[in-house]
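# Observations on chain architecture
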Amino acid sequence: MYPLTHFLFALVIASVLHLYQIFNIYFVILTAIIGVLVDLDHYLHRIIKFKDYNIKNCWNRSILHKDKKQRTLIHHKKGAMIISVILLGIYFISKSLFLAGAIGYYSHIFLDNLHYKLKEKIKFKEFGFIVRMPIHELIFEVILAILVLLIYL
């Protein structure tokens, strides 16, 4: 999934908690950001493998040449267990921070593990970044954006 999808999905979940006054707006934003930051491992992998710090080059290489190894430990079961232990430690410090981290991380992993066999993709280039997005993901993003608007209007 693309970063916007991860951001919006975590944002919707956290926004619902905000509606029920479980979260303040700062934790809503933090949750959505954590949902995206989980993918920093892809960028770090590209830096290590290709010695290229240019985000656009790393992004485009990742889109054009899928690399099975770009998902590091945090995207696998062992990494999820480590993250879970870290989150458990955070729970005893701050329940809101724990919840933000858990929702951000687990919503990201959940979306990454949804596998669709749909082949039809929208292909375009924006600001030099190549995008090959499945149509179902674009529809999902629109639905999530509408939900965010409905929650806050």
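Residues numbered from 1 in each chain as written. Predicted model: local features only at pLDDT ≥ 70, side-chain atom pairs only at ≥ 80, totals over all residues. Heavy atoms only, no water.

## Remarks on the side chain of E137
With respect to the helices, strands and loops of the structure, E137 is situated in helix α7 (residues 135-152). At 8.1 Å, K121 is the nearest oppositely charged side chain to E137, a buried residue that forms no salt bridge. When sequence neighbours within four positions are dropped, the list of residues in contact with E137 reads M1, Y2 and T5. (Helix = DSSP H or I, 4+ residues; strand = E, 2+ residues; numbered from the N terminus. Buried < 20%, exposed > 50% of the residue type's maximum accessible area, 1.4 Å probe, protein only. Lys, Arg positive; Asp, Glu negative; His and termini not counted. Salt bridge = Lys/Arg side-chain N within 4 Å of Asp/Glu carboxyl O. Contact = heavy atoms within 4.5 Å.)

## Here we look at a nonpolar patch on the surface
Taken together, the side chains of I25, Y26, I29, I33, L37, L40 and Y152 make up a nonpolar region of the molecular surface, amounting to roughly 670 Å² of accessible area. Take the nonpolar patch: its biggest share by element is 5 residues, from helix α2 (residues 25-37). Examined against the element boundaries, I25 turns out to sit in helix α2. (Patch = residues over 30% accessible without salt bridge, like charges linked within 9 Å, V, L, I, M, F, W, Y side chains within 5 Å. Areas by Shrake-Rupley, 256 points an atom, 1.4 Å probe, with all protein chains shown as cover.)

## A short note on the packing of aromatic side chains
Counting across every chain of the model gives 8 aromatic pairs. Note on Y91 and F98: the rings are 5.1 Å apart at their centroids and 85 degrees apart in plane angle, and the pair reads as edge-to-face. For F98, a relative accessible area of 22% corresponds to the partly exposed category. It is K56 that lies over the ring of F129; its NZ or CZ is 5.9 Å from the centre. (Phe/Tyr/Trp six-rings, centres within 6.5 Å; stacked < 30°, edge-to-face > 60°. Lys NZ or Arg CZ within 6 Å of the ring centre and 35° of its normal.)

## Focus: the pairing of strand β2 (residues 129-134)
For strand β1 (residues 121-126) and β2, the ladder comprises 6 bridges, and the chain directions are antiparallel. The residue of β2 that forms the bridge with K123 is R132. From the end of β1 to the start of β2, which pair antiparallel, there are 2 residues, and F127 there has a positive phi angle of about 55 degrees. (Pairing = 2+ DSSP bridges.)

## Topic: helix α1 (residues 3-19)
Here α1 contains 17 residues, and its C-alpha end-to-end distance of 24 Å stays within 8% of the 24 Å for a straight helix at 1.5 Å per residue. Among all positions of α1, only T5, H6, L8, F9, A10, L11, V12, A14, S15 and L17 are buried. Q21, located one to two residues past α1, shows a positive phi value of around 60 degrees. (Expected span 1.5 Å × (residues − 1).)

## Details of the pattern of salt bridges
For the coordinates displayed, the defined rule picks out 1 salt bridge. Here R61 and D52 are joined by a salt bridge, their closest N and O atoms 3.7 Å apart. For R61, a relative accessible area of 30% corresponds to the partly exposed category. The buried category is assigned to D52, whose relative accessible area is 14%.

## With respect to the environment of L73
Along the polypeptide, L73 turns up in the loop between α4 (55-64) and α5 (77-91). Exposure remark for L73: the relative accessible area of 44% places this residue in the partly exposed category. For the pair formed by L73 and L150, sequence separation is 77 residues and the distance between their alpha carbons is 36 Å. Discounting chain neighbours no more than four positions away, the residues touching L73 are K78, G79, A80 and I82.

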